[in-house]
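# Secondary and tertiary structure notes
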Amino acid sequence: MRSVWSETVSPPSFPRLEKDVSVDVAVIGGGMAGVLCAALLRERGLECAVLEADRVGGGITANTTAVLSVQTETLNAERIRKQGFEAAKLLLDAERDAIGRFRAHAEKIPCELTVLPALTYSLCDAEKMKAEVNALRSLGLDATFTTDTPLPFPVAGAAQMPGTAQFHPLKFLYGMTNGLQIYEQTKVLRLDGTTAVTERARVNAKKIVVATHFPFINRHGLYFLKMYQKRSFVIACKGAKPLGCTIMDEAEDGVYLRSAGEFLLIGGGDRRPGKKGCGFDVPREFRQRYYPQAKEVRAWGNQDCVTLDDLPYIGPYRSGGKDVFVMTGFGGCGMTGSMIGASVLADELTGQKNRCAKLFDPSRRMKPLPLLRNGGEAVKDLLALRRPRCSHMGCALRWNPEEKSWDCPCHGSRFRANGRIIDNPATRGIQTKR
Ligand code: FES
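Residues numbered from 1 in each chain as written. Predicted model: local features only at pLDDT ≥ 70, side-chain atom pairs only at ≥ 80, totals over all residues. Heavy atoms only, no water.

### Here's the deal with the overall build of the protein chain
A tally of helices and strands in the protein chain yields 9 helices and 23 strands. In terms of overall dimensions, the protein chain is globule-like: its C-alpha atoms have a radius of gyration of 21 Å, near the 22 Å expected for 434 residues. With the C-alpha coordinates aligned to their principal axes, the bounding extent of the protein chain is approximately 60 × 55 × 45 Å. Counting every position in the protein chain, which comprises 434 residues, the buried fraction comes to 57%. Excluding contacts between residues fewer than 6 apart, the proportion of contacts in the protein chain whose partners are at least 24 apart in sequence is 71%. For the protein chain, the computed accessible surface area is about 18800 Å², with 50% contributed by carbon and sulfur atoms. Treating the 61 positive side-chain charges of the protein chain as one cloud and the 46 negative ones as another, the clouds have centres 5 Å apart. (Helix = DSSP H or I, 4+ residues; strand = E, 2+ residues; numbered from the N terminus. Rg over C-alpha atoms; globule rule 2.2 N^0.38 Å. Buried < 20%, exposed > 50% of the residue type's maximum accessible area, 1.4 Å probe, protein only. Contact = heavy atoms within 4.5 Å. Areas by Shrake-Rupley, 256 points an atom, 1.4 Å probe, with all protein chains shown as cover. Lys, Arg positive; Asp, Glu negative; His and termini not counted. Charge placed at Lys NZ, Arg CZ, Asp CG, Glu CD.)

The following block contains the structure:
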């Protein structure tokens, strides 16, 4: 189940780390977040090594729909109400700044970056979308209300946002690796202070950045309590007209769409890994109903880390830490979030103050109820007697027949049928007998 991106570009290759090296910063994880962070730090004169357990861009980045957007799971009107105007403004400004940085880099990297508007629509609640437009305008974005969309059905209303973009994530990522010191097939086994210990050699660094999608060092930070993973399902179809914008349904169980060359991408069916849900049925039924002339040619799943307040965790890995940093929890905005994370950490690691550092601080106070609820999600599957068990904390795994994987309902690790690890926080495979 490979995405359309993996099929249309050849990856560069990088050596395995064979002997000890010393650098200013070791960045663990060679996805969009890790590579961007290393590139921004290098621009500021720091020597970085990117350590990737598998291949650069081989994980989440290969499966994103690659929309550079200011749309998050939480509508801005709601965010202002819950988190305050200042927090909403800081986030929106950071997202717009991140899109600007992508556009600037894309001038030198052929990556099909196209600037086009984003639409968030509601099928039944025009007032909600009018309130969203007002919220966006109060935050400084020139959004407009419309009922005129390229969708083949009427909507009650939509918020149209200018200045957003879409691109080919792997073409961009591979372009950004130019000049970076990258080691592939180099799995970090543990950190001894700021030394990253890999299977064959050590990286002695002054600082460490953990950009491994789900932070893999579990003894600090409690990320498995204050974050969960969400799986989303995408189909690529041929035979539909280009949309001319990116589109998202504001409803929790809604779909999202973008065009990519000859493809129309339809995503949805979100659910926690290992939990019940509709999966591929949602984008497939949508295609059948609204784009019957279009033919499905590819299907794949993707996985996002979601925080309990829908703001990313970017900053010291644990409270008071000064040497190990993390960026994670970008929700459905992995691309924009990666650039925000890289920018914030580039500032932090070079002694510059970043306006968003406090807002995204991973040790910020969480409300107790969502924490309890998230922790409680794991208890049932921790106590269940089924086998096989997850190598992270021992939860009972569930077989995912659509994607042929063992999925962990507790914190979202996934394993191939043969037990090889696909998604962390687990760091090693499992024994399987089916
Ligand atoms: Fe934590 Fe499986 S991912 S127990």
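### Looking at the packing of helix α2 (residues 32–43) against helix α8 (residues 334–349)
Orientation of α2 relative to α8, taken along the N-to-C sense of each, is 35°, at an axis distance of 8 Å. In the crossing of α2 with α8, the sense of the turn from one axis to the other is right-handed. Of the residues in α8, those in contact with Met 32, Ala 33, Leu 36, Cys 37, Leu 40 and Leu 41 of α2 are Met 335, Ser 338, Met 339, Ala 342, Ser 343, Leu 345, Ala 346 and Leu 349. Taken together, the residues of the contact of α2 with α8 sort by class into 12 nonpolar, 2 polar and no charged. (Axes fitted to C-alpha atoms, helices over the stretch in contact; angles between N-to-C directions. Left-handed = near helix turned anticlockwise from the far one by under 90°. Nonpolar A, V, L, I, M, F, W, Y, C, P; charged D, E, K, R; others polar.)

### What about the state of the cysteines?
Taken as a whole and judged by the stated rule, the model has 1 disulfide. Paired through a disulfide, Cys 395 and Cys 410 show a sulfur-sulfur distance of 1.9 Å. Residues Cys 395 and Cys 410 share a disulfide whose torsion about the S-S bond is about -90°; that sign makes it left-handed. Of this pair, Cys 395 sits in the loop between α9 (368–383) and β20 (398–400) while Cys 410 sits in the loop between β21 (405–407) and β22 (414–416); the two residues are 15 residues apart in sequence, bridging distant segments of the chain. No disulfide involves Cys 124; its sulfur sits 18 Å from that of Cys 278, the nearest cysteine. Left without a disulfide partner, Cys 245 is nearest to the cysteine sulfur of Cys 237, which lies 16 Å away. On the basis of relative accessibility, which here comes to 6%, the residue Cys 245 falls in the buried class. (Disulfide = S-S within 2.5 Å.)

### Here's the deal with helix α5 (residues 126–138)
Taking 1.5 Å per residue as the helical rise, α5 with its 13 residues ought to reach 18 Å, and the 18 Å between its terminal C-alpha atoms agrees with that figure. When we look at burial in α5, the residues that qualify are Met 129, Glu 132, Val 133, Ala 135 and Leu 136. Buried residues in α5, looked at end-on, bunch into an arc of 160°, giving them a common side. In α5, the exposed positions angled more than 90 degrees off the buried face are occupied by Glu 127 and Asn 134. The inward-facing, buried residues of α5 abut α3 (76–83), α4 (85–106), β5 (118–122), β6 (144–146) and β7 (157–161). Here α5 starts with a cap whose side-chain oxygen sits 3.3 Å from the backbone nitrogen of Glu 127, and that cap is Asp 125. Directly after α5, the chain includes Gly 140, whose backbone phi takes a positive value near 105°. (Expected span 1.5 Å × (residues − 1). Arc of directions from axis to C-beta. Polar contact = N/O pair within 3.5 Å; in protein donor to acceptor, adjacent residues only side chain to side chain.)

### Here's the deal with the pairing of strand β14 (residues 246–249)
Sheet analysis places β5 next to β14, joined by 4 bridges and oriented parallel. Its bridge partner being in β14, Tyr 121 is matched across the sheet by Asp 249. Pairing geometry for β14 and strand β15 (residues 256–260), over 2 bridges, is antiparallel. Its bridge partner lying in β15, Ile 247 is registered against Leu 257. Connecting the antiparallel pair β14 and β15 is a turn made up of 6 residues. (Pairing = 2+ DSSP bridges.)

### Brief notes about the environment of Thr 120
Relative to the helices and strands, Thr 120 is located in strand β5. Its relative accessible area of 2% is what places Thr 120 among the buried residues. Residues Thr 120 and Val 203 lie 83 residues apart in sequence; the distance between their C-alpha atoms is 45 Å. The contact partners of Thr 120, leaving out residues within four places of it in the chain, are Gln 71, Leu 75, Met 129, Gly 157, Ala 158, Ala 159, Met 161, Met 248 and Glu 250. Side chain to side chain, Thr 120 and Gln 71 meet in a polar contact 2.7 Å long.

### Thoughts on the sheet that holds strand β16 (residues 263–271)
Spatially, the 8 strands line up as an open sheet ordered β6-β7-β5-β14-β15-β16-β13-β17, and their pairing is mixed. Strands with a single pairing partner mark the edges of an open sheet, and in this sheet they are β6 and β17 (295–307). Shown here is a sheet whose adjacent strand axes are inclined to one another by a mean of 25°, direction ignored. Across the sheet, α5 is in contact with β5, β6 and β7; its angle to β7 comes to roughly 20°.

Fair warning: the whole summary comes from geometry, so function is off the table for now.
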